[in-house]
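A look at the structure
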Amino acid sequence: MAAVMRTGFCSLMFLVFTSSQSLFERQLTVQLNPGSTSPPPGGDLLHVRALGDNDTLHYLFCSQGAPTLLLIHTNSSSSTLQVDWPQFLARNTSGSLRVEPESSILYSTAVVFSRLLEYDDVNDTADPTSDLFPPYELQNFTWSRLNLTGAAARLCGAVTNTSSGVLCLQLSVFESDGRGQTWPRLIHTANSSQLEVWIDGLLPRAARSRFLLELQAVGGAYPLSRVEVHRSIDDEYMPSIFKASHWVSAANGSSDVRSFVQWKPVAYRRSDPVLEDAMPCRHSDPQPQSAETTAAASGLIQAFYSEPDTFGLNVSFGLAGEPFYNSTKFLSWTVLVGVGSPPVDSFSPLVVAIMAVGLGTPVILLLLGGLWVCVRKKAADSTTAYEPIN
């Protein structure tokens, strides 16, 4: 019986593992400043083309102004990106960046990292309603050239004319399903990308500084207009974190999600964190924003959208009683951006197999025990001799 149980356990693990693997993959093509003969002044434009069986995702990451990620989903496997560089660099008109054929565009959404806010948390309440310093406008940062590694790109910027630390963003685009290798180990699909944001060495302007990051979401017919908080009983990959926030877009009255921005409500105080370095974070409710202001801050928004709908929110880092930014002068946070429904965490194949064996073994033993008792009882009844009654 032990051999049978071992064989069954291994077979179950194999079946669960193989059934959990996605067969869907995308072919990635990376272009830096497509169509430009020289590095353009003012910042780079990265284009990652993710080709599927019968559709294409176009990821555009740009540092012309505030860092912006634009995601365009088309129903064509031959859609292409066209950039009118003189008009694009002029940043005064829409239509200088387009995907053709335009009729193939199913959906588009963009996320602008617009401002970094700092406040002096004198009373350790983590309430950023007062004592806010003048914001860091990210469109005014001096940004480095994009540093490419495969389908990943790193962008770092600093306050102009200072050497007071950096704010960096790293974009990763995926060809298949998987999970991040570092905390918070977000699960991703071939329809999503990941952006890690970190502040390193930025000099605080108070002894008890805390930060907020302002995001602007730009879309067409269905902008990112609401945040849903999903709970889970599984913290296998991210200890003690049982929630995920989904900033989603959907038609009125419809549950069909077109695109999403997803994050775990946690940030980290060190670049190579342990559990003690985790820092809770919170978000505000999305509020409508001025499309003109957002377009003026981002060259990519100005180039692609003519009349976009824009919503904005803040993500604040740290709760009352948590260490302040000054303790390490480092802060990192990770977010996913993709189309379709956000990926949802589930138990790993190993945990499922262990649960199945752990729950199934007692049941099998009870059934085998009951069967054995019945067989023995029947055998005993059949061999019982009765004396005849006179």
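Refer to the structure above for everything that follows.
Residues numbered from 1 in each chain as written. Predicted model: local features only at pLDDT ≥ 70, side-chain atom pairs only at ≥ 80, totals over all residues. Heavy atoms only, no water.

Let's talk about the nonpolar core
F317 and W333 are the most contacted members of the largest nonpolar core, which totals 47 residues. Top contributing element to this core by residue count: strand β24 (residues 330-339), with 5 residues. What F317 contacts, discounting residues up to four positions off in sequence, is R210, F211, L212, L213, A267, M279, P280, C281, L331 and W333. One finds W85, L97, F304 and Y305 within the second-largest nonpolar core, a separate group that totals 21 residues. (Core = buried A, V, L, I, M, F, W, Y, C linked by side-chain atoms within 4.5 Å. Buried < 20%, exposed > 50% of the residue type's maximum accessible area, 1.4 Å probe, protein only. Helix = DSSP H or I, 4+ residues; strand = E, 2+ residues; numbered from the N terminus. Contact = heavy atoms within 4.5 Å.)

Here we look at the environment of P184
As for its position among the elements, P184 is in the loop between β13 (178-179) and β14 (187-188). C-alpha of P184 to C-alpha of P265: the two residues are 81 residues apart in sequence and 9.5 Å apart in space. Ignoring sequence-local partners within four residues, the contact set of P184 consists of M238, K264, V266, Y268 and T334.

Details of unusual backbone geometry
Between E100 and the following residue, P101, the backbone shows a cis peptide bond with an omega angle of -5°. Turning to its location among the elements, P101 is positioned in the loop between β6 (97-100) and β7 (105-120). W183 connects to P184 through a cis peptide bond whose omega is 15°. Notably, K329 is not glycine yet its phi reads approximately 55°, a positive angle. Structurally, K329 is set in the loop between β23 (309-317) and β24. On the accessibility criterion, K329 (32% relative accessible area) is partly exposed.

Brief notes about the environment of P288
Note that P288 resides in strand β22 (residues 287-288). With residues up to four places along the chain from it excluded, the contact list for P288 reads T310 and F311.

Some points on the environment of A244
Checked against the element boundaries, A244 lands in strand β18 (residues 243-250). For A244 and V344, which are 100 residues apart along the polypeptide, the C-alpha to C-alpha distance reads 8.7 Å.

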